[in-house]
Amino acid sequence: MEFHVYESARAACEAAGVLIAAQVTRKGDSVLGLATGSTPIPAYEMLVQWYERGVIDFDRVRTFNLDEYVGIDHKNPLSYHAFMQEHLFSKVNLRPENTHLPSGHSAEAGLRYDRAIHEAGGIDIQLLGIGRNGHIGFNEPAKDFTFGTHVVTLTQDTIEANARFFKSPDDVPRQAISMGIGNIMAAKCVVLVATGADKADAVYKTLCGPITPQVPASILQLHPCCVILADHEAGALVERESR
Ligand code: F6R
């Protein structure tokens, strides 16, 4: 695993944008695995700017998002569908038929999503944020690692973390549909961005702790091409250990 620390949160996120742009430049029909949340927004802003300046072209790019809430209308501004429209899809020349987010709440819906990823040739580069509890996608700490796309019940910690986007914690959906750890590990390259002091413990356990489903991101230690980009706050405990 490669680990890079940046002076600011924005720089760490923009570095992820650089890696995605490089992927799209090298292979015009790349398959991108995308994330929502606060962390990747500067990366999407960079991609939009480079698209507007004619540096990158999304005409043949396909995208698969990590996750979506269950029981929330796709037009709801708090849905991940709406998030992606707002921050990327409506601002670049991605073809709507080439953008995918999981939806539904059945095992079949998960299998359909896995099949679509497989038929697209697999994910070339997977962008990830990380939860305070070490979740990636909505793969919460658990007894086992999950393989494919599946319905998850969100932990209290994740509900509290996501409550900042909703009027009250009671409004946060309790379930989501998420790519599994197997989908993430199958991506050819993984780029995880972590910013802010509240991610420091998760980043430390991801890089330096035992590989355990209690810290889902720790499985990335086994990925052959994984880059972790952090600001000083999120990287603080790892930096202290390596001094
Ligand atoms: C989002 C996702 C989540 C977030 C994580 C961090 O698609 O899968 O794993 O990446 O919860 O969220 P932020 O970036 O808001 O701190």
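Residues numbered from 1 in each chain as written. Predicted model: local features only at pLDDT ≥ 70, side-chain atom pairs only at ≥ 80, totals over all residues. Heavy atoms only, no water.

J.: Lay out the site of the ligand in plain terms, naming residues and giving numbers.
T.: Neighbouring residues of the ligand: 13 residues in total, closest Thr 39, Asp 67, His 135, Gly 137 and Lys 199. Side-chain polar atom of Thr 36 to an oxygen atom of the ligand: 2.8 Å apart, as the coordinates give it. Across the complex, the protein chains shield 94% of the 410 Å² of accessible surface that the ligand would expose by itself. Among the residues making up the shell around the ligand, the classes are represented as three nonpolar, seven polar and three charged. (Near = heavy atom within 4 Å. Polar contact = N/O pair within 3.5 Å; in protein donor to acceptor, adjacent residues only side chain to side chain. Areas by Shrake-Rupley, 256 points an atom, 1.4 Å probe, with all protein chains shown as cover. Nonpolar A, V, L, I, M, F, W, Y, C, P; charged D, E, K, R; others polar.)

J.: Could you give me a rundown of the nonpolar core, with the residues and numbers involved?
T.: With 43 residues, the main nonpolar core has Leu 32, Tyr 44, Leu 47, Phe 58, Met 84, Leu 88 and Val 193 as its most contacted residues. Taken together, the elements giving at least two residues each to this core come down to helix 1 (9–26), strand 2 (31–34), helix 2 (41–52), helix 3 (80–87), strand 6 (125–128), strand 9 (189–194) and strand 10 (226–231). The element best represented in this core is helix 1, accounting for seven residues. Sequence-distant contacts of Leu 47, that is, excluding residues within four places in its chain, are made with Gly 17, Ile 20, Ala 21, Ile 56, Phe 58 and Leu 88. The next biggest cluster of nonpolar side chains, apart from the first, holds 29 residues, and it includes Val 190, Ala 202, Val 203 and Ala 217. (Core = buried A, V, L, I, M, F, W, Y, C linked by side-chain atoms within 4.5 Å. Buried < 20%, exposed > 50% of the residue type's maximum accessible area, 1.4 Å probe, protein only. Helix = DSSP H or I, 4+ residues; strand = E, 2+ residues; numbered from the N terminus. Contact = heavy atoms within 4.5 Å.)

J.: Which residues make up the packing of aromatic side chains, and what values do they have?
T.: Counting across every chain of the model gives six aromatic pairs. On the basis of an interplanar angle of 75° and a centroid distance of 5.7 Å, the ring pair of Phe 64 and Tyr 113 is categorised as edge-to-face. Within this pair, whereas Phe 64 is found in strand 3 (residues 62–65), its partner Tyr 113 is found in helix 4 (residues 107–119), the two being separated by 49 residues in sequence. Among the residues examined, Phe 64 registers a relative accessible area of 1% and is labelled buried. (Phe/Tyr/Trp six-rings, centres within 6.5 Å; stacked < 30°, edge-to-face > 60°.)

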